[in-house]
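Observations on chain architecture
Single-letter residue listing:
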Amino acid sequence: MSRSLRVGVVGGGIGGLALAAALRRHGIEARVFERAKQFGEVGAGIQMTPNAVKVMVALGLYDALRQISFTPQALVGRHWRSAREMFRTPLAGDCERLYGAPFLHAHRADLHAIFAADLPDGAANLGVACTGIEQRPNAAVAQFDDGSAFEADLIVGADGIHSVVRKCLFGDQPPQFTGNMCWRATVPFATQPLNYVSPDSSFWLGPHGHVVTYYVQGGRAVNIVAVAETAAWVEEAWNVRSTREELLAGFAGWHPNLIRLFSQAETVFKWGLFDRDPMPAWSVDRATLLGDAAHPMLPFLSQGAAMAIEDGYVLAASLHDHGGDVAAGLRQYEARRRPRTARVQLESRERGRTYHLASPLALLKRDIAYRVRNLINPHKSGIKANWVYEYDATAPALAKAA
Ligand SMILES: Cc1cc2nc3c(=O)[nH]c(=O)nc-3n(C[C@H](O)[C@H](O)[C@H](O)COP(=O)(O)OP(=O)(O)OC[C@H]3O[C@@H](n4cnc5c(N)ncnc54)[C@H](O)[C@@H]3O)c2cc1C
């Protein structure tokens, strides 16, 4: 019965396209509406953690992902100025054994292209921005800025942190500024890997900020995420241009290897980091939310896109499980996904506090805890994300437990 369902997906980011891919695997028709005139993603990296990679395997997209990825050796915590190791969580080899899938680094544009290539011809309308949602008996209609409309059994808002669909369903509550801003750059290299950038996911922890560096594009580029606490921010966007000089000024005095890397950044973006409190519901009648539209989070556990990918898989499976009963499918979807995404949202906030500690006493306590835990079990030390990676959105019994 699920074969007769028709789903309209507002937003063709990673979450919207992951949903479209999962729906198609269940024989459910999906049409994607994206406000950009063409598909594309800004130049930035993405950590594809084992929980997200499991979904890529289930969607049959793992081989394509593998081809564009880099496998980090370990997740390493380093002192911002001395580069002293504070924790080391082995990844290569261990993640397959512990979590059933590897930990990979990719470029967002490459990942997005894998999903875009999976869309059948005619499944996407580009250059149309959703302006409203109308509920009808047994249907919902998405309205667009070109005057067109699309009626479907279900409309899914996968339209990001400033979701118009969310606003239509739940009213206008702007996301909150978290007190953090972030520079992002990708530095390409002809050779790989560089002797001063280790082949790890490196978390450089400093007072009131941290920097994450890792290889993408099979090791031909290094991705930089440099986070700093700040009192004010005016804009939330992927693509506010910054400069190498501004990035360097923000991290003066940090380790020479970081400064050397930053000084080779050609294109630098910056933006404020916003999130929301977990929502008590995502769905109203025949419309629901997914990804950042439902649960925007700080990137400190590297999970925003991973959660959107998991959401897409579970929503498609829930609709399939309940055949034509959309309400039952949405109940199952929320029951599986809201507890998990809420925990990731809240723990991401907490990691920011831990990473950015500044007082000598608090730092001493934190660093001793890192060392002790690392000796006992390195997989439960450091950023403490083992519970995130264990989850398998493709296994109904585990997914139900959230
Ligand atoms: C610094 C930083 C680092 C990060 N690192 C990681 C990481 O390592 N791993 C990870 O998993 N996540 C990471 N994330 C999070 C991740 O990038 C996001 O959570 C993820 O992109 C959300 O996907 P989405 O599809 O829900 O939303 P988006 O990617 O925002 O996509 C929304 C889409 O909807 C479209 N749209 C918006 N409004 C409309 C409208 N009205 N009509 C039609 N279309 C519309 C937009 O153009 C866009 O294409 C990071 C985020 C930040 C800020």
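Residues numbered from 1 in each chain as written. Predicted model: local features only at pLDDT ≥ 70, side-chain atom pairs only at ≥ 80, totals over all residues. Heavy atoms only, no water.

**Here's the deal with the overall build of the chain**
- Secondary structure summary: the chain contains 13 helices and 18 strands in total.
- Over its C-alpha trace the chain gives a radius of gyration of 21 Å, about what one expects of a compact globule, namely 21 Å for 402 residues.
- Dimensions of the chain, computed from C-alpha atoms along their principal axes, come out at roughly 65 × 40 × 40 Å.
- Buried positions account for 57% of the 402 residues belonging to the chain.
- Long-range contacts, defined here as pairs at least 24 residues apart, represent 75% of the contacts in the chain between residues at least 6 apart.
- Averaged over its 42 positive side-chain charges, the chain has a centre that lies 6 Å from the centre of its 38 negative ones. (Helix = DSSP H or I, 4+ residues; strand = E, 2+ residues; numbered from the N terminus. Rg over C-alpha atoms; globule rule 2.2 N^0.38 Å. Buried < 20%, exposed > 50% of the residue type's maximum accessible area, 1.4 Å probe, protein only. Contact = heavy atoms within 4.5 Å. Lys, Arg positive; Asp, Glu negative; His and termini not counted. Charge placed at Lys NZ, Arg CZ, Asp CG, Glu CD.)

**What to know about the sheet that holds strand S10 (residues 149-152)**
- With antiparallel pairing, 3 strands are arranged side by side in an open sheet as S8-S9-S10. What marks the edges here is a single partner per strand, and that holds for strand S8 (130-136) and S10. Averaged over neighbouring strand pairs, the angle between their axes works out to 20 degrees when direction is ignored.
- Looking at chain direction, strand S9 (residues 139-144) and S10 are connected through 4 bridges and run antiparallel. From the neighbouring strand, Gln143 faces S10, where its bridge partner is Ala149. (Pairing = 2+ DSSP bridges. Axes fitted to C-alpha atoms, helices over the stretch in contact; angles between N-to-C directions.)

**So, the pairing of S8**
- Judged from the 6 bridges that link them, S8 and S9 form a sheet pairing that is antiparallel. Looking at S9, one finds that Arg136 is bridged to Ala139.
- Where S8 folds back onto S9 in an antiparallel hairpin, the turn is made up of 2 residues, including Asn138, whose phi is positive at roughly 60 degrees.

**Section: the nonpolar core**
- Within the largest apolar cluster, 69 residues are counted, with the highest numbers of intra-cluster contacts made by Met48, Leu65 and Phe115.
- Setting aside residues no more than four positions away along its own chain, Leu65 makes contact with Met48, Val53, Met56, Leu104, Ala106, Leu111 and Ile114.
- By size, the runner-up hydrophobic cluster in this structure holds 61 residues, among which are Phe269, Phe274, Phe300 and Val388. (Core = buried A, V, L, I, M, F, W, Y, C linked by side-chain atoms within 4.5 Å.)

**Some details on unusual backbone geometry**
- The backbone of His208 sits at a positive phi, close to 60 degrees, despite the residue not being glycine.
- Secondary-structure assignment places His208 in the loop between strand S13 (201-206) and strand S14 (209-216).
- Owing to a relative accessible area of 43%, His208 belongs among the partly exposed residues under this scheme.
- For Ser302, which is not glycine, the phi dihedral falls at a positive 55 degrees.
- Along the chain, the position of Ser302 falls in the loop between strand S18 (287-289) and helix H9 (304-321).

**Observations regarding the side chain of Thr49**
- Within the secondary structure, Thr49 sits in the loop between strand S3 (45-48) and helix H2 (50-58).
- Classification of Thr49 by relative accessible area gives buried; the value is 0%.
- There is a polar contact of 2.9 Å between the side chain of Thr49 and the side chain of Gln303.
- Apart from the residues within four sequence positions on either side, Thr49 is in contact with Pro102, Phe103, Ser302, Gln303, Ala306 and Tyr389. (Polar contact = N/O pair within 3.5 Å; in protein donor to acceptor, adjacent residues only side chain to side chain.)

**Quick notes on the sheet that holds S14**
- Read across the sheet, 8 strands follow the order S5-S4-S13-S14-S15-S12-S17-S16 without closing on themselves; strand pairing throughout is mixed. At either end of the open sheet lies a strand with only one pairing partner, and these are strand S5 (85-90) and strand S16 (240-241).
- As judged from the 2 bridges shared by S16 and strand S17 (residues 268-275), these two strands associate in the antiparallel manner. Residue Arg241 lies in a different strand from S17, and its bridge partner there is Phe269.
- With respect to the sheet, helix H10 (residues 326-355) is in contact with strand S12 (176-188), S13, S14 and S17, its orientation differing from that of S13 by roughly 60 degrees.
- Contacting S5 and S13, helix H11 (residues 360-376) runs over the sheet at an angle of about 35 degrees to S5.

**Let's talk about the packing of aromatic side chains**
- Evaluation of the coordinates by the stated rule reveals 14 aromatic pairs.
- Where Phe33 meets Phe150, the ring centres are 4.9 Å apart and the plane angle is 55 degrees; that geometry is what we call tilted. Of this pair, Phe33 sits in strand S2 (residues 29-34) while Phe150 sits in strand S10, and the two are 117 residues apart along the sequence.
- Note on Phe150: relative accessible area 6%, which makes it buried.
- Taken together, a centroid distance of 5.9 Å and an interplanar angle of 75 degrees make the contact between Trp183 and Phe251 edge-to-face. Placement of Trp183 in strand S12 and of Phe251 in the loop between helix H7 (244-250) and helix H8 (256-262) is noted, with a sequence separation of 68 residues between them. For the pair formed by Trp183 and Phe251, the shared burial category is buried.
- By the ring-pair criterion, three or more aromatic residues cluster together here, those being Trp80, Trp183, Phe251, Trp254 and Phe262.
- Sitting above the plane of the Tyr391 ring, Arg340 keeps its charged end 3.8 Å from the centroid. (Phe/Tyr/Trp six-rings, centres within 6.5 Å; stacked < 30°, edge-to-face > 60°. Lys NZ or Arg CZ within 6 Å of the ring centre and 35° of its normal.)

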